[in-house]
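Examination of the molecular architecture
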Amino acid sequence: MNNNIHPCLWYDGNAKAAAEFYCSIFPGSTIIADTPMVVKWQLAGQTFMGLNGGPMFQQNASISMMVTCEENTEIDELWDRLCDGGMVMMPLGKYDWSEHYGFVQDKFGLCWQLYKGNYSYVNQKITPTLLFVGNNFGKAEAAVKYYAEVFKPSHIEGILLYAENEGPAAGSVKHAQFVLDGKVFMAMDGYGEHTFGFTEGISFVVECETQVDIDYFWDTLTCNGGQESMCGWLKDKFGISWQIIPKNIGAIMMDPVKGQKAMQALMKMKKIEVDKLVNAS
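Computed from a predicted model, the values in this text were never measured in an experiment.

Looking now at the packing of aromatic side chains. The full count for this structure, using the stated rule, is 25 aromatic pairs. Considering the side-chain rings of Tyr95 and Trp97, the 5.0 Å spacing of their centres and the 20° angle between planes classify their relative orientation as stacked. Judged by its relative accessible area of 45%, Trp97 falls in the partly exposed class. Considering the side-chain rings of Phe204 and Trp242, the 5.5 Å spacing of their centres and the 45° angle between planes classify their relative orientation as tilted. With a gap of 38 residues between them, Phe204 in strand β13 (residues 202-208) and Trp242 in strand β16 (residues 241-246) connect regions that are remote in the sequence. Here Trp242 falls in the buried class, since its relative accessible area comes to 2%. Here the aromatic residues Phe132, Tyr146, Tyr147, Phe151, Phe178, Phe185, Phe198, Phe204, Tyr216, Phe217, Phe238 and Trp242 are joined through ring pairs into a cluster of three or more. One residue, Lys107, lies across the ring of Phe21, its end atom 4.6 Å from the ring centre. Sitting above the plane of the Tyr146 ring, Lys237 keeps its charged end 4.3 Å from the centroid.

Cut-offs applied
All residue numbers here refer to positions counted from 1 along the written sequence of the relevant chain. Residues qualify for local features only when their pLDDT is at least 70, as the model is predicted, and side-chain atom pairs are given and counted only at 80 or more; totals for whole chains, interfaces and linings, by contrast, use all residues. Heavy atoms from the whole structure form the basis of all side-chain values; hydrogens and water molecules are not counted. Aromatic pairs are defined between Phe, Tyr and Trp rings, using the six-membered ring for Trp, whenever the two ring centres lie within 6.5 Å; interplanar angles under 30 degrees are classed as stacked, those over 60 as edge-to-face, and all others as tilted. Accessible area is worked out with a 1.4 Å probe on protein chains only. A residue is then buried under 20% of its type maximum, exposed over 50%, and partly exposed in between. Secondary structure elements are taken from DSSP: a helix is a run of H or I of four residues or more, a strand is a run of E of two residues or more, and numbering for both begins at the N terminus. The rule is short: NZ of Lys or CZ of Arg within 6 Å of the ring centre and within 35 degrees of the ring normal puts a charge over the ring.

Okay, structure coming up:
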């Protein structure tokens, strides 16, 4: 399978402003698609989609973006920009896991972890990071192993657990790193009281080459506790949202002759059926 997996961020009409902001602070970034509903951009090789879906969902710290930097000055510059109008989650400073680290939610709602480390350990500047809290606490290890089975090619780089002497978090995931279809992800368990959890505010898009691929991901991710939604959206058994879509959906929807009919057909679907989109009348 050849699937392009990337995060989708939910916005209430300001996806373009968010994209412009992020592209202004990460060198070599660019907006690659701009429509009233969907904006796509690339930051340091990581594709993002912004969806102007309305006020229903908000981004939160259950999914954040880990930025690996090798210089304090780079972290300091990013920190100043991301903190402007945002909210500090963990102050910039020295921690056990990094000599220079900070956790911030920016003015558009996206959470960032700025981390001083060796780029060669990740080989990816920006890494989506999953935080398992509340009813999901303790499930990070199972989730990592599950995703490594579902997506091919994939592999697990490593899973570090809290030691027995580290209190109530003992045995849960302190940090995990895994690769799905060439993209690095991270995961961890978050012990304690948290007021947030996985929502549609941040989902992951899986662009599929064929209907066979769409069927596979849809059927696999919705089974054993997953949940179907509309227009290619679903939640897996851990509550993380995915969009299983054909890679050419943009071309189908933008077709000057058939695009409107295809959109009407899409709005009636749960799992996307490409033939019905293409042949909508």
